[in-house]
Every structure is written in structure tokens, then in C-alpha cells.
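What follows is each chain in one-letter form.
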Amino acid sequence: MLKIFLFDIDGVLTNGRKFYDKTGLCIGKEFCDKDFTVLKRLKARGIECIAVTGDPWNEQLMLNRNIKCINSRGKNKEDFLPIICKDYGVTPDEVAYIGDDLFDVGLLKAVGTAYCPQEAVIECFLVANQLLSRGGDNVLVELFDDLLSRKLIETLPFEEEYNKILSLDEHEKF
């Protein structure tokens, strides 16, 4: 069973496009809110969700959503896996990850269950389950359904899951 869900943000929760001001600083990105609901659905099952991103712009957004965030800028993302496993008392087989770019390949190889969106780089396709959805377009919704069908996460009765999600909503700013 899955105990930890790690995810990249840009190209996964977003379509990979950023909006820049004239100074070259990022001022916005597009996200799919249903994918944030999936993170709550996983958390409702006791699965820890952690963003692993090289873009510090994403940190405040994750904080507002009450999601842990690791800034991997300038580091190999897979180097964080042993620390995460030790901190949470899990093995890599109990960890899933979704990523879309060259920076994600090492971590995709290291976890028990790996995914990538439809338009990921080819190196991701070689080591991960390729989803039909594009990043920023319900990709986590598809991933969640796959986890359920593979029995890697438990099925919850609707009312129980919904009430847990409502409780999680109370601790988020969005």
C-alpha cells in the first residue's frame, strides 16, 4: 500500500507554462483544482503528500494548501528519498512519484510506483507509467483512479472521504 506520495509541480500540477513580468520574474501559473482535491483524497487516506520542486515560487502555494514542500533547486531529487523514508518509517516501495522532466528521472527510478504525464520527456516514459492526461489537466485525477484500480490505496465510503476532505479544507488558504 502507498504511504507517501511525492510530486513535481511544474508540468504536473501545471501545464508547464509560466507567466513572467518584464523583469523576468514569474508572476503566475495555471493549476487544475481537481488535482488539489486528489491530494486531499490521498491525505484523507493517511497518505503523506509532499511536493518536490526546483522552483521556490511554488513553496508559498503549497504552504497555503497545507502541503509539505521540498525545494530541490540545484540538487538531485532522488537524494531526498532516503531522508523521507527515514523520517516517515517507510521503504521506497511504499512511495509513489509523478514527474515530467529530466530532473525527475532519478526519483522516478528510485520509488516503488512512478508516473509521468502524457507530454513528459522521453526519459520519463522509459522508467514510469505514462498517463494519458497532460500536466495541469486532471493528471492527478487519472493517477488516483489508477492507484485505486491497482489497489495501492484503499477505497473509502463517500461520506467518510468527503467529511475528511471538508476537515482538510479548513486548514487551507485558497
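Scroll up a little and you will see the structure.
Attention here is on the structure that accompanies the text.

The rules behind each value
Residues numbered from 1 in each chain as written. Predicted model: local features only at pLDDT ≥ 70, side-chain atom pairs only at ≥ 80, totals over all residues. Heavy atoms only, no water. Salt bridge = Lys/Arg side-chain N within 4 Å of Asp/Glu carboxyl O. Buried < 20%, exposed > 50% of the residue type's maximum accessible area, 1.4 Å probe, protein only. Core = buried A, V, L, I, M, F, W, Y, C linked by side-chain atoms within 4.5 Å. Helix = DSSP H or I, 4+ residues; strand = E, 2+ residues; numbered from the N terminus. Expected span 1.5 Å × (residues − 1). Arc of directions from axis to C-beta. Contact = heavy atoms within 4.5 Å. Phe/Tyr/Trp six-rings, centres within 6.5 Å; stacked < 30°, edge-to-face > 60°. Lys NZ or Arg CZ within 6 Å of the ring centre and 35° of its normal. Axes fitted to C-alpha atoms, helices over the stretch in contact; angles between N-to-C directions. Nonpolar A, V, L, I, M, F, W, Y, C, P; charged D, E, K, R; others polar.

### Remarks on the pattern of salt bridges
Thought 1: A full pass over the atoms with the stated rule returns 16 salt bridges.
Thought 2: In this structure, the salt-bridge partner of Lys18 is Asp10, at a minimum N-O distance of 3.9 Å.
Thought 3: You can call Lys18 partly exposed: its relative accessible area is 28%.
Thought 4: When its relative accessible area of 16% is taken as the criterion, Asp10 is described as buried.
Thought 5: In this structure, Arg150 engages Asp146 in a salt bridge whose closest nitrogen and oxygen atoms are separated by 3.3 Å.
Thought 6: When salt bridges with common partners are traced through the structure, they connect Asp33, Lys40, Arg65, Asp169 and Glu172 into a single cluster.

### Looking at the nonpolar core
Thought 1: Grouped together as the largest cluster of nonpolar side chains are 26 residues, with contacts concentrated most on Phe5, Phe7, Leu39, Leu42, Ile98 and Leu140.
Thought 2: At the level of secondary structure, the elements contributing two or more residues to this core comprise strand E1 (4-7), helix H1 (33-44), strand E4 (48-53), strand E6 (95-98) and helix H6 (139-149).
Thought 3: Counting residues per element, this core draws most heavily on H6, which supplies 5 residues.
Thought 4: Within the second largest apolar cluster, 21 residues are counted, among which are Ile4, Phe80, Tyr97 and Val105.

### Brief notes about helix H7 (residues 158-169)
Thought 1: Between the first and last C-alpha of H7 there are 16 Å, a value that for 12 residues agrees with the 16 Å anticipated at 1.5 Å per step.
Thought 2: Taken as a whole, H7 has its buried residues at Glu161, Ile165 and Leu168. For H7, the angular spread of buried residues about the axis comes to 55 degrees, placing them on one side.
Thought 3: Next to the buried residues of H7 lie H1 and H6.

### Some details on the packing of aromatic side chains
Thought 1: Under the defined criterion, the tally for this structure stands at 3 aromatic pairs.
Thought 2: Both rings, one in Phe31 and one in Phe36, keep their centres 5.7 Å apart while their planes meet at 40 degrees; by these two values the pair is tilted.
Thought 3: Residue Phe31 is classed as partly exposed on the basis of its relative accessible area, which comes to 23%.
Thought 4: Lying over the aromatic face of Phe36, Arg65 brings its terminal NZ or CZ to 4.0 Å of the ring centre.

### Observations regarding the packing of H1 against H6
Thought 1: In the contact formed by H1 and H6, the axes pass within 7 Å of each other and the chain directions differ by 35 degrees. Across the interface between the two elements, Lys34, Asp35, Val38, Leu39, Arg41 and Leu42 of H1 pack against Val139, Leu140, Val141, Phe144 and Leu147 of H6.
Thought 2: Partitioned by chemical class, the residues of the contact of H1 with H6 number 8 nonpolar, no polar and 3 charged.

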